[in-house]
Amino acid sequence: MSSMTRTPASFTGNLSSKPTASDLLRSSINGVSGVPLKALGRAQLGARMRNFSITARVRKVKKHEYPWPEDPDPNVKGGVLSHLSPFKPLKEKPKPVTLDFEKPLMDLQKKIIDVQKMANETGLDFSDQIISLENKYQQALKDLYTHLTPIQRVNIARHPNRPTFLDHVFNITEKFVELHGDRAGYDDPAVVTGLGTINGRSYMFMGHQKGRNTKENIKRNFGMPTPHGYRKALRMMYYADHHGFPIITFIDTPGAYADLKSEELGQGEAIAQNLRTMFGLKVPIVSIVMGEGGSGGALAIGCANKLLMLENAVFYVASPEACAAILWKSAKASPKEPLGGAHADPYWTSQQIKTAILESMDELVKMDTETLLKHRAQKFRKLGGFQEGVPIDPKRKVNMKKKDKPIVPISKTSESELRDEVEKLKTQILEASKSSVEHPGTGLKEMIEKLKREIDHEYDEAAKALGMQDKILMLREEVAKARNHNDQLAHPALKEKIDHLKDEFDKNLPSAPNYPNLKYKLDMLKELSKASNLTKKSTTRDELKLEINKRFSEFMDRPDVKQKIEMLKAEIASSGVSNIDSKSELKEKVRR
């Protein structure tokens, strides 16, 4: 009966003195007043008994092939069915949301729009001003997102336009069918589960689903699951384990829903069941923290072999607001806690997630069941454990975020000071070459690095003076974008642009006011580089001499060689070397 819709039955007549409707409606199985329901589909039934009538209509609807047609028509309107889910693209684009710390960027954007509008209205050429403003905007954006405070990262993780679980799933899967219900009468919309394929391989997906607007957030309970959501996820875990589907979970929740009803229904018990079950599943599990991962609500689907996180995602025991409420009795104090975005390019972010998932799965599927379970258990057993004086495991060290290289400040050195330093270094090298004194290798390296920094600074000053700095910055941004998007088609065009700009810069460089200083420093760098190469060769030659002497001493200390030498000495002493023939005989013996 799921493929039929019914209009409500209409009742007419005075029921106060007549039989009740329940007396006349015998059973929904047998039909209305004994008439089979099948007959209702062919004609309208009007049954009249004692001024009482019932009218019912049944509308037949078209049956759909489910889940996917075996021979889909590629020309069908709307495209071939690939994703079965009530989740649909929004009819309107989400409104842009500006975070507090992003407001200076918006001011620059407004200036760019105003200048572009002025150029369109007046017909004047403002391209230089627009390029300069765009470069300032890109630099400000880079500076902002490379020096984010922890609380700012939390705000980015909670950005309302950040792509949701189903956004990522639809971007990375070829097919996906959503599965519902915990088989206990409930279906929590805050947790979504389903089967999908990536590169032809089937996976079980499950994750927290937030809304994309206020209406959806209310429906999804802002991504905070009730016990029914965790029990639905548990059911799908058993299903995946039974059929051998690897599990991929997406985490994005402030935490489990902590209302009275959820506690009564066993919120803690539902989370505990999930934790215990996940450590015993015989299939690989990969978890991705795509937004915020709050406490046990996140961990309930996060006990995985591999836990991946986006750059601006957070994973914590308690949110900053909860910590602030505990420590200072007010959630407003959260910025005092120890204090760039996936929403800027959701599709690119999804593809990076897809690549990371496939790499992790390729590694995990090679493990047997026992190794897989041990790997998952040890991952969590090792958390928080440390031993003083033991160096960090190199494998773990690789996975840590690399330290930013300190920026060495450019201190403008006068030409005379540089000349004096270089001459002093040359004297030291000359003295070392004439005697057995060690070559000043460290000082030479430091001077070369210093000269390189000075030369870079001179090139920047020359670019500014020639008015080419904006062009260079724009080209750098294009190169960075091409690398990020792996745009192979753009590389030949970029190479042509780079060559053209280099030729233009080299042609105009002699007219720069600081060109004499630049040329002098380049000449000094050339001389010192030669000296460095000679020092290396001299060091190599000395090392070779020492090695030869060492091996000769070892050879001469051998007992058999010593014995031969003693025998030769005795023979020379007894026979003498007065004539030529005797000398020749001795030489022949030495060769032997």
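See the structure shown above.
The structure contained in this document is the topic of the report that follows.

About the thresholds
- Residues numbered from 1 in each chain as written.
- Predicted model: local features only at pLDDT ≥ 70, side-chain atom pairs only at ≥ 80, totals over all residues.
- Heavy atoms only, no water.
- Helix = DSSP H or I, 4+ residues; strand = E, 2+ residues; numbered from the N terminus.
- Buried < 20%, exposed > 50% of the residue type's maximum accessible area, 1.4 Å probe, protein only.
- Areas by Shrake-Rupley, 256 points an atom, 1.4 Å probe, with all protein chains shown as cover.
- Axes fitted to C-alpha atoms, helices over the stretch in contact; angles between N-to-C directions.
- Parallel < 35°, antiparallel > 145°, perpendicular 65-115°, else oblique.
- Left-handed = near helix turned anticlockwise from the far one by under 90°.
- Contact = heavy atoms within 4.5 Å.
- Core = buried A, V, L, I, M, F, W, Y, C linked by side-chain atoms within 4.5 Å.
- Pairing = 2+ DSSP bridges.
- Phe/Tyr/Trp six-rings, centres within 6.5 Å; stacked < 30°, edge-to-face > 60°.
- Patch = residues over 30% accessible without salt bridge, like charges linked within 9 Å, V, L, I, M, F, W, Y side chains within 5 Å.
- Salt bridge = Lys/Arg side-chain N within 4 Å of Asp/Glu carboxyl O.

Topic: the overall build of the protein
- Secondary structure assignment for the protein yields 21 helices and 13 strands.
- Across the 592 residues that make up the protein, the buried fraction comes to 32%.
- Put simply, the protein shows about 39300 Å² of open surface, and 55% of that area lies on carbon and sulfur atoms.

Brief notes about the packing of helix α2 (residues 103-122) against helix α3 (residues 127-146)
- The geometry of α2 relative to α3 is characterised by a closest axis approach of 10 Å and an angle of 165° between their N-to-C directions. Overall, the two elements α2 and α3 adopt an arrangement that is roughly antiparallel. Remark: the crossing between α2 and α3 carries left-handed chirality. Within the contact between the two elements, α2 uses L105, L108, Q109, K111, I112, V115 and Q116 and α3 uses Q129, I130, L133, E134, K136, Y137, A140, L141 and L144.

Concerning the nonpolar core
- Within the largest apolar cluster, 46 residues are counted, with the highest numbers of intra-cluster contacts made by F205, I247, I248 and F250.
- Those elements that place two or more of their residues in this core are α5 (165-172), β7 (175-179), β8 (191-198), β9 (201-208), α7 (227-243), β10 (247-253), β11 (285-294) and α12 (346-364).
- Those residues in contact with F250 that lie beyond four places of it in its chain are F165, H168, I172, F205, M206, G207, H208, I288, M290, I301, I353 and I357.

Describing the pairing of β9
- Summarising burial for β9: six of the eight residues are buried, a large majority.
- Pairing of β8 with β9 involves eight bridges; the strand directions are antiparallel. For T197, the partnering residue across the bridge sits in β9 and is S202.
- Pairing analysis gives four bridges linking β9 to β10, with the strands arranged parallel. Residue pairing for β10: G207 is matched across the bridge by F250.

Some thoughts on the packing of aromatic side chains
- Tallying each qualifying case throughout the model produces nine aromatic pairs.
- Taken together, the ring pairs in this structure connect F87, F170, F176, Y203 and F205 into an aromatic cluster.

Some words on a nonpolar patch on the surface
- A cluster of nonpolar side chains, contributed by L299, M309 and F315, occupies part of the molecular surface with about 230 Å² of accessible area.
- On the secondary structure map, L299 appears in helix α10 (residues 295-299).
- Under the relative-accessibility criterion, L299 is labelled partly exposed at 30%.

As for unusual backbone geometry
- With phi around 60°, N221 is a residue other than glycine that occupies positive phi space.
- Locating N221 in the fold gives a position in the loop between α6 (214-219) and α7.
- For N221, a relative accessible area of 19% translates into the label buried.
- One non-glycine residue, S295, adopts positive backbone phi at about 55°.
- Residue position: S295 is located in helix α10.

Focus on the packing of α7 against helix α9 (residues 267-278)
- Close contact between α7 and α9 brings their axes to 9 Å; oriented N to C, the two are set at 20°. Accordingly, the angle class assigned to the pair α7 and α9 is roughly parallel. Crossing hand, α7 versus α9: left-handed. Across the interface between the two elements, P227, Y230, R231, A233, L234, M237 and Y238 from α7 touch Q267, E269, A270, I271, Q273, N274, T277 and M278 from α9.

Side note on helix α4 (residues 150-157)
- The element α4 is largely enclosed, with a buried count of six among its eight residues.
- All buried positions along α4 are accounted for by I151, Q152, R153, V154, I156 and A157.

Here we look at the pairing of β7
- Sheet topology note: the strand β6 (residues 83-84)/β7 ladder contains two bridges and is parallel. Pairing of L84 across the sheet is with V177, part of β7.
- Where β7 lies against β8, five bridges are found, and the strand directions are antiparallel. Across the sheet, the residue bridging to K175 is T197, located in β8.

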